[in-house]
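# Coordinates in review
Here are the chains, one letter per residue:
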Amino acid sequence: MKIQKTSRRQFIASVIPACAITCMGSNRVFASILRAESDLIQETKHKFDKNFDLAITYRQFLEAQFRNFIALAKALEEEIGKRKAIEF
C-alpha cells in the first residue's frame, strides 16, 4: 500500500469546502435553538424590568445619573484649577 503525500495547499483545498458546508447547515440548527430559547426568555420578565414604587423628583434622578461625572469634575477642578477644568 502506497501512501500518497499531499501538500498543505491540497489538504486545505479539500477541507475548506467541507467546513463551509458544515457551517452553512449548522447555522440553521443553532438559529432554531436560539430562537426557541429567546421565545422562552421573552415570556418571563426579568426582575430589573419590573416597575418599582419609588417616586423621585427629576432633580434626584439627574443627580443619581451624573453623580460620578460630578465627582470627577470636582476632583479635576481641584487638581488643575477651575479655569483649565472648564476649558477641558
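These figures come from a predicted structure and were not determined experimentally. (Residues numbered from 1 in each chain as written. Predicted model: local features only at pLDDT ≥ 70, side-chain atom pairs only at ≥ 80, totals over all residues. Heavy atoms only, no water.)

### A short note on the overall build of the chain
Formally: Each helix is a run of DSSP H or I of at least 4 residues and each strand a run of E of at least 2, with the numbering of both proceeding from the N terminus. The buried label goes to any residue with under 20% of its type's maximum accessible area, the exposed label to any with over 50%, and the partly exposed label to all in between, with areas taken from a 1.4 Å probe on protein chains only. To measure how exposed things are, a 1.4 Å probe is used in the Shrake-Rupley method; for residues, cover is taken only from the protein chains shown.
Per the secondary structure count, the chain includes three helices and zero strands. Start at the N end of the chain and walk to the C end: the helices and strands fall as α-α-α. Counting across all 88 residues of the chain, residues that qualify as buried make up 1%. Summing over all exposed atoms, the chain offers an accessible surface of approximately 9500 Å²; the carbon and sulfur share of this is 60%.

### Some points on a nonpolar patch on the surface
Selection rule: By definition, no residue in a patch forms a salt bridge, and every one has over 30% relative accessible area; like charges are joined within 9 Å, nonpolar side chains (Val, Leu, Ile, Met, Phe, Trp, Tyr) within 5 Å. Put simply, a salt bridge is a Lys or Arg side-chain nitrogen that is within 4 Å of an Asp or Glu carboxyl oxygen.
Nonpolar side chains collect at one region of the surface, where L54, I56, Y58 and F61 lie side by side and expose about 460 Å² of accessible area between them. The topology assignment puts Y58 in helix α2 (residues 58-80). Of the residues examined, Y58 reaches a relative accessible area of 62% and is grouped as exposed.

### Side note on α2
For clarity, the threshold we go by: How far a helix is expected to stretch is found by multiplying one less than its residue total by 1.5 Å. The quantity called bend is, for any residue, the angle between two axes fitted respectively to the seven residues ending at it and the seven beginning at it.
Between the first and last C-alpha of α2 there are 31 Å, a value that for 23 residues agrees with the 33 Å anticipated at 1.5 Å per step. At F66, α2 shows its largest bend, some 60°. Trailing α2 by a residue or two, G81 shows a phi angle of about 100°, which is positive.

### Thoughts on the confidence of the model for the chain
Convention followed: Residue-level confidence of the predictor is what pLDDT reports, using numbers from 0 through 100.
In this model, the chain carries a mean pLDDT of 76, and residues with pLDDT of at least 70 account for 65%. No element of the chain has a lower mean pLDDT than helix α1 (residues 8-43), at 66, and none a higher one than α2, at 89.

### Observations concerning the environment of I86
On the secondary structure map, I86 appears in helix α3 (residues 82-87). Placed 10 residues apart in sequence, I86 and L76 show a C-alpha to C-alpha distance of 9.6 Å.

### What to know about the environment of F88
Assignment of secondary structure puts F88 in the segment after α3. Given the relative accessible area of 78%, F88 is considered exposed. C-alpha separation for the pair F88 and A73, spaced 15 residues apart in sequence, amounts to 9.9 Å.

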